[in-house]
Amino acid sequence: MTRFTYSERVWFQAALLLLAAIPATMLAREFDVRTVNDINIWIKPLKFYVSTALHLATLAVLVRFLSDSSRAGIGLAIVAAVSAFAAIVEISIIAVQSGRGVASHFNFSTEFDALIYIVMGLGALLIIMPALVVGVWFLRAPVSEKLTPGLKLGAGLGLTLGFVLTLVIAGYMSQQPTGHWVGGPRTDLGGLPLVGWSREGGDLRAPHFFATHLMQVLPLVGYAADRIFKLSASAAKRIVWIAAGLGVALTVATFMQALAGEPFIG
C-alpha cells in the first residue's frame, strides 16, 4: 500500500498518544486508593484509553483500502482532525474528573460537572461520526483489487450499523438518571471481569459494547472471507450479511435484556 495520508497519520498518532498514557495511569491506580462507584477511580480512564485508541486505529486501517483520491481528500482530513481532537479532549476530561475523585459520566452533582457531561456528549458524537462518513464511502466505493467484495461490505455495514446502534444505545443511556444500571445496585464492584458489567441487574454497557465493536468484527469477517478463505464474491457477501444480522440481533437482545433489569451474565 502507499504511504500514510494525513487522515491516517492523525488517527494513528492520536491512538498512540492515548495508549502512551496507560503506564502512568496504571501507576496512579497503584498509589491512589480513591473509588468511584466502589471501584478505583483510574479504571475508567484505562478502559477509555484502550477503546478509543482501538476505534481511531480501526478508522486509520480501514481507510487505507479506499481509493487514493478518497484517502487524500480534504473532507476526510477534516473529519480525521476533528475526531482525533475530540478524542484527546474527551479522554483528558475523563482523566481530569478521575483526578478530582468524581465520576465523569452521569454526574449532575454540580453545575460544572453537568456542563462537563454535556461537553463529553458532544465529544463522543464527534468521535464516532467518522464511522458513518467512512462507512458510506465504503458502501459506495467500487470493488477493486485492494477493496475486495467481502471487505467492502463488511467495512460499510460494520461502520454504519455500529454508528447507528451506538448512537441509539449511548444516547438512551446518557439520558438515564440511574446511569448504565437498570434494576440493580448502583455499583461497579463485583462486575464481570475486564468489562465490569453488573451481575446483579441490567447494564446498558453490554449492548453498547456489542454495537460499537461491530465496527471491528464485520470488516474482519469480510477480510477473512476474501483473503483467508478466498470465497467467491457472492459467498463472502453472504457471510458478511449473516454476521451483520447476528451482530444486530445480539445487540438488540442484550439491550432488551438490560432494559428488563437482567444481567448479561448473572
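Residues numbered from 1 in each chain as written. Predicted model: local features only at pLDDT ≥ 70, side-chain atom pairs only at ≥ 80, totals over all residues. Heavy atoms only, no water.

**Some details on the layout of surface pockets**
A volume near 170 Å³ is recorded for the second largest pocket. For the lining of the second largest pocket, the secondary structure elements donating two or more residues are helix 3 (43–63) and helix 9 (214–228). Top element by residues in the lining of the second largest pocket is helix 9. It accounts for five residues. In the lining of the second largest pocket, the residues fall into nine nonpolar, two polar and no charged. (1 Å grid on protein atoms, 1.4 Å probe; cavity = no way out; pocket = protein on both sides within 12 Å on 5 of 7 lines; lining within 4 Å. Points joined across faces, edges and corners; volume = space filled by probe spheres on them. Helix = DSSP H or I, 4+ residues; strand = E, 2+ residues; numbered from the N terminus. Nonpolar A, V, L, I, M, F, W, Y, C, P; charged D, E, K, R; others polar.)

**Points about the nonpolar core**
Among the nonpolar cores identified, the biggest contains 38 residues, and Trp 11, Leu 56, Val 134, Phe 138 and Leu 159 are the most heavily contacted of them. Put simply, the parts of the chain that give this core at least two residues each are helix 1 (6–20), helix 3, helix 5 (74–100), helix 6 (111–140) and helix 7 (149–174). Grouped together as the second largest cluster of nonpolar side chains are 16 residues, Tyr 117, Leu 157, Val 240 and Ala 258 included. (Core = buried A, V, L, I, M, F, W, Y, C linked by side-chain atoms within 4.5 Å. Buried < 20%, exposed > 50% of the residue type's maximum accessible area, 1.4 Å probe, protein only.)

**So, the packing of helix 3 against helix 6**
Look at helix 3 against helix 6: their axes get within 11 Å of each other, and the N-to-C directions meet at 20 degrees. By the angle between their axes, helix 3 is roughly parallel relative to helix 6. Both helix 3 and helix 6 take part in a crossing whose hand is left-handed. For the pair formed by helix 3 and helix 6, the contact residues are His 55, Leu 59, Leu 62 and Val 63 on the first element and Ile 127, Ile 128, Pro 130, Ala 131, Val 134 and Phe 138 on the second. Residue classes in the contact of helix 3 with helix 6 are distributed as nine nonpolar, one polar and no charged. (Axes fitted to C-alpha atoms, helices over the stretch in contact; angles between N-to-C directions. Parallel < 35°, antiparallel > 145°, perpendicular 65-115°, else oblique. Left-handed = near helix turned anticlockwise from the far one by under 90°. Contact = heavy atoms within 4.5 Å.)

**Here we look at a nonpolar patch on the surface**
Taken together, the side chains of Ile 74, Ile 78, Val 82, Leu 122, Leu 125, Leu 126, Met 129 and Leu 167 define a hydrophobic patch exposed on the protein surface, amounting to about 680 Å² of accessible area. If you list the elements that add at least two residues to the nonpolar patch, you get helix 5 and helix 6. Counting residues per element, the nonpolar patch draws most heavily on helix 6, at four residues. The topology assignment puts Leu 126 in helix 6. Taking the relative accessible area as the measure of exposure, Leu 126 reaches 34% and is therefore partly exposed. (Patch = residues over 30% accessible without salt bridge, like charges linked within 9 Å, V, L, I, M, F, W, Y side chains within 5 Å. Areas by Shrake-Rupley, 256 points an atom, 1.4 Å probe, with all protein chains shown as cover. Salt bridge = Lys/Arg side-chain N within 4 Å of Asp/Glu carboxyl O.)

**Structural notes on the environment of Leu 46**
Structurally, Leu 46 is set in helix 3. Accessibility expressed as a relative area gives 14% for Leu 46, which makes it buried. In sequence terms Leu 46 and Ala 21 are 25 residues apart; their C-alpha atoms lie 8.5 Å from each other. Excluding residues that lie within four positions of it along the chain, Leu 46 makes contacts with Ile 22, Thr 25, Met 26 and Arg 29.

**Regarding the packing of helix 7 against helix 10 (residues 233–259)**
Two measures define how a pair of helices packs: the angle their axes make with one another and the distance between the axes. Where helix 7 contacts helix 10, the axes come no closer than 9 Å and their chain directions differ by 10 degrees. Here helix 10 runs roughly parallel to helix 7, going by the angle between their axes. Where helix 7 approaches helix 10, its residues Pro 149, Gly 150, Leu 153, Gly 154, Leu 157, Leu 161, Leu 165, Ile 169 and Tyr 172 are matched on the opposing element by Ala 233, Ala 236, Lys 237, Val 240, Trp 241, Ala 244, Val 248, Thr 251, Phe 255 and Leu 259. Here the residues of the contact of helix 7 with helix 10 are counted per class, giving 15 nonpolar, three polar and one charged.

**With respect to the side chain of Thr 212**
With respect to the helices and strands, Thr 212 occurs in helix 8 (residues 205–212). The class for Thr 212 is buried, based on a relative accessible area of 19%.

**With respect to the packing of aromatic side chains**
Two aromatic rings, taken as a pair, are described by how far apart their centres are and by the angle between their planes. Taken as a whole and judged by the stated rule, the model has 10 aromatic pairs. For the ring pair Tyr 172 and Phe 255, a centre distance of 5.7 Å and an interplane angle of 90 degrees mean the geometry is edge-to-face. Of this pair, Tyr 172 sits in helix 7 while Phe 255 sits in helix 10, placing them 83 residues apart in sequence. Since its relative accessible area comes to 15%, Phe 255 is described here as buried. An aromatic cluster is built from Trp 197, Phe 209, Phe 210 and Phe 264, whose rings are joined through pairwise contacts. (Phe/Tyr/Trp six-rings, centres within 6.5 Å; stacked < 30°, edge-to-face > 60°.)

So far we have only geometry, and geometry alone does not tell us how the molecule works.
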